[in-house]
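# Coordinate inspection notes
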Amino acid sequence: QVQLVESGGGLVQPGGSLRLSCATSGFTFSSYAMRWYRQAPGKERELVASITTTGSTNYPDSVKGRFTISRDNAKNTVYLQINTLKPEDMAVYYCYARQSVPVLGTVAYWGQGTQVTVSS
């Protein structure tokens, strides 16, 4: 059974930091590219960080320099460090695993999300 379980969200003041974790099981974690998305109320889900199987990372300009994605293949876990939090960072953050398989196409899994609230 595939599971992606996010944790680490919560209430934080503007300017603060959080580290989100996504613990996975049920698939070969090291073979999957991992991403973090977020969705604020009334807005579309947006990609905020990605990391390949080889550790290459990518971020949109809106979070570059403040967000850091990392992975620990030994723990089957991906992390998202968020620094200098802003009110506009408030959203539900989702973990996403993706693998392109010849013939089968894309195999992907979502976590259930963790809420990040930014407020003083």
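Look up: the structure comes first, before these words.
In this text the structure is predicted, and so the values were computed from the model without any measurement. (Residues numbered from 1 in each chain as written. Predicted model: local features only at pLDDT ≥ 70, side-chain atom pairs only at ≥ 80, totals over all residues. Heavy atoms only, no water.)

## Notes on the sheet that holds strand 8 (residues 77-82)
Formally: At least two DSSP bridges between two strands are required for those strands to pair. What counts as a helix is a DSSP run of H or I of at least four residues, what counts as a strand is a run of E of at least two, and both are numbered from the N terminus. Lines fitted to the C-alpha atoms define the axes, with helices restricted to the stretch that makes contact. Angles between their N-to-C directions range from 0 to 180 degrees.
The four strands lie next to each other as 1-3-8-7, forming an open sheet whose pairing is antiparallel. In the strand order of this sheet, the two ends are held by strand 1 (3-7) and strand 7 (67-72), each with one partner. When the angles between neighbouring strand axes are averaged without regard to direction, this sheet yields 15°. Alignment of strand 7 against strand 8, held across six bridges, turns out to be antiparallel. If you follow Ser 70 over to strand 8, its bridge partner there is Tyr 79.

## Here we look at the pairing of strand 10 (residues 105-110)
Two elements, strand 9 (residues 91-101) and strand 10, share six bridges in a ladder whose sense is antiparallel. Considered in strand 10, the bridge of Ala 97 is made with Tyr 109. Adjacent in sequence and paired antiparallel, strand 9 and strand 10 are bridged by three residues, among which Val 103 carries a positive phi angle near 75°.

## Some points on the pattern of salt bridges
Here is the rule: For this document, the term salt bridge refers to a Lys or Arg side-chain nitrogen within 4 Å of an Asp or Glu carboxyl oxygen. Summary of the burial criterion: residues with accessible area below 20% of their type's maximum are buried, those above 50% are exposed, and those between are partly exposed, where the area comes from a 1.4 Å probe applied to protein chains only.
On inspection of all chains with the given rule, the structure shows four salt bridges. Close ionic contact of Glu 46 with Arg 38 constitutes a salt bridge, the shortest N to O distance being 2.7 Å. Here Asp 61 and Lys 64 are joined by a salt bridge, their closest N and O atoms 3.3 Å apart. Accessibility expressed as a relative area gives 67% for Asp 61, which makes it exposed. In this structure Lys 64 comes out as partly exposed when scored by relative accessible area, which is 49%. The structure contains a network of salt bridges with shared partners spanning Arg 38, Glu 46, Arg 66 and Asp 89.

## Considering unusual backbone geometry
In the Ramachandran plot, Asn 76 falls in the positive-phi region, its phi being about 55° despite a non-glycine side chain. Of note, the phi angle at Val 103 is positive, near 75°, even though the residue is not glycine. Within the secondary structure, Val 103 sits in the loop between strand 9 and strand 10. Val 103 sits in the exposed class, given a relative accessible area of 88%.

## Some points on the side chain of Arg 38
Test applied: Contacts described as polar in this section are N or O atom pairs within 3.5 Å, which, within protein, must combine one atom able to donate a hydrogen with one able to accept it, while residues neighboring in sequence count only if both atoms come from side chains. Only heavy atoms matter for contacts: two residues are in contact if any of them lie within 4.5 Å across the pair.
When you line up the elements, Arg 38 lands in strand 4 (residues 33-39). For Arg 38, a relative accessible area of 7% puts it in the buried group. Side chain to side chain, Arg 38 and Asp 89 meet in a polar contact 2.9 Å long. A distance of 3.0 Å separates the side chain of Arg 38 from the side chain of Tyr 93, its partner in a polar contact. Setting aside residues up to four positions removed in sequence, Arg 38 forms contacts with Glu 44, Arg 45, Glu 46, Val 48, Val 63, Phe 67, Glu 88, Asp 89, Ala 91, Val 92 and Tyr 93.

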